[in-house]
Amino acid sequence: RGQMSRNLRAVVYSITETALLNGLKPYLYLTYVLDQLRWMGPFPEEEKLDQLLPWSKELPEEFGQQSNFEPPRKRAAHFENQGTDDYLLTENQG
């Protein structure tokens, strides 16, 4: 159960960071994607899923940040094993 929870947090973190890097408002984006997936059913077509990607031109304009949006500095995440099943996330700012 603990490992599944950590994996889920990592997925949400990754999606959130990708949304930010693409100039989107993460909460609006995630809410929209989850709602759309609900309506697509269990086996959506690949083309429909592509429309939900953060860089898709099909996303509603209101998901974008303000016009003065500047992408964050490039960051690289690094997971360090702490000698247990736990990993510590550190960021290398570039």
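Residues numbered from 1 in each chain as written. Predicted model: local features only at pLDDT ≥ 70, side-chain atom pairs only at ≥ 80, totals over all residues. Heavy atoms only, no water.

**Q** Run through the pattern of salt bridges, naming residues and quoting values.
**A** Using the criterion set out here, one finds one salt bridge in the structure. We note a salt bridge from Arg38 to Asp35, for which the minimum N-O separation is 2.6 Å. Here Asp35 and Arg38 lie together in helix α2 (residues 26–40), a separation of three residues that amounts to about one turn. What makes Arg38 exposed here is its relative accessible area of 54%. (Salt bridge = Lys/Arg side-chain N within 4 Å of Asp/Glu carboxyl O. Helix = DSSP H or I, 4+ residues; strand = E, 2+ residues; numbered from the N terminus. Buried < 20%, exposed > 50% of the residue type's maximum accessible area, 1.4 Å probe, protein only.)

**Q** I'd like a description of α2, backed by residues and values.
**A** With 15 residues, α2 extends 21 Å between its outermost C-alpha atoms, agreeing within 8% with the 21 Å of an ideal straight helix rising 1.5 Å per residue. Looking one or two places after α2, you find Gly41, whose phi comes out positive at around 90°. (Expected span 1.5 Å × (residues − 1).)

**Q** If you had to explain the packing of aromatic side chains to someone new, which residues and values would you point to?
**A** To describe a pair of aromatic rings, you give the distance between the ring centres and the angle between the ring planes. Within this structure, the stated rule accounts for one aromatic pair. Consider the rings of Tyr32 and Phe63, whose centres lie 5.0 Å apart with planes at 65°: the pair is edge-to-face. Residue Tyr32 is located in helix α2, and its partner Phe63 is located in the loop between α3 (46–50) and β1 (75–81); the two are separated by 31 residues in the primary sequence. The exposure class assigned to Tyr32 is partly exposed, which follows from its relative accessible area of 22%. (Phe/Tyr/Trp six-rings, centres within 6.5 Å; stacked < 30°, edge-to-face > 60°.)

**Q** Please provide a residue-by-residue account of a nonpolar patch on the surface, values included.
**A** Taken together, the side chains of Leu34, Leu37 and Leu49 make up a nonpolar region of the molecular surface, amounting to roughly 250 Å² of accessible area. By the element assignment, Leu37 lies in helix α2. (Patch = residues over 30% accessible without salt bridge, like charges linked within 9 Å, V, L, I, M, F, W, Y side chains within 5 Å. Areas by Shrake-Rupley, 256 points an atom, 1.4 Å probe, with all protein chains shown as cover.)

**Q** If you had to explain the packing of helix α1 (residues 2–21) against α2 to someone new, which residues and values would you point to?
**A** The contact between α1 and α2 brings their axes to 9 Å, and the two run at 120°. Overall, the two elements α1 and α2 adopt an arrangement that is oblique. Helix-helix and strand crossings are classified by hand; for α1 and α2 the assignment is right-handed. Residues Ile15, Thr16, Ala19 and Leu20 of α1 pack against Pro26, Tyr29 and Leu30 of α2. (Axes fitted to C-alpha atoms, helices over the stretch in contact; angles between N-to-C directions. Parallel < 35°, antiparallel > 145°, perpendicular 65-115°, else oblique. Left-handed = near helix turned anticlockwise from the far one by under 90°. Contact = heavy atoms within 4.5 Å.)

**Q** Can you break down the environment of Pro54 residue by residue, with the values?
**A** As for its placement among the helices and strands, Pro54 is situated in the loop between α3 and β1. C-alpha separation for the pair Pro54 and Ile15, spaced 39 residues apart in sequence, amounts to 8.6 Å. The residues touching Pro54, leaving out its near neighbours within four places in the chain, are Thr18, Ala19, Asn22, Leu24, Tyr29 and Leu59.

**Q** Summarise α1; cite the residues concerned and give the values.
**A** An α-helical turn contains 3.6 residues, so a residue and the one three or four places further along point in the same direction. With 20 residues, α1 should cover 28 Å at 1.5 Å per step; its first-to-last C-alpha distance of 29 Å lies within 8% of that length. Where α1 ends, the next residue or the one after it, Gly23, has phi of about 75°, a positive value.

Treat this as a map of the structure, not an account of what it does.
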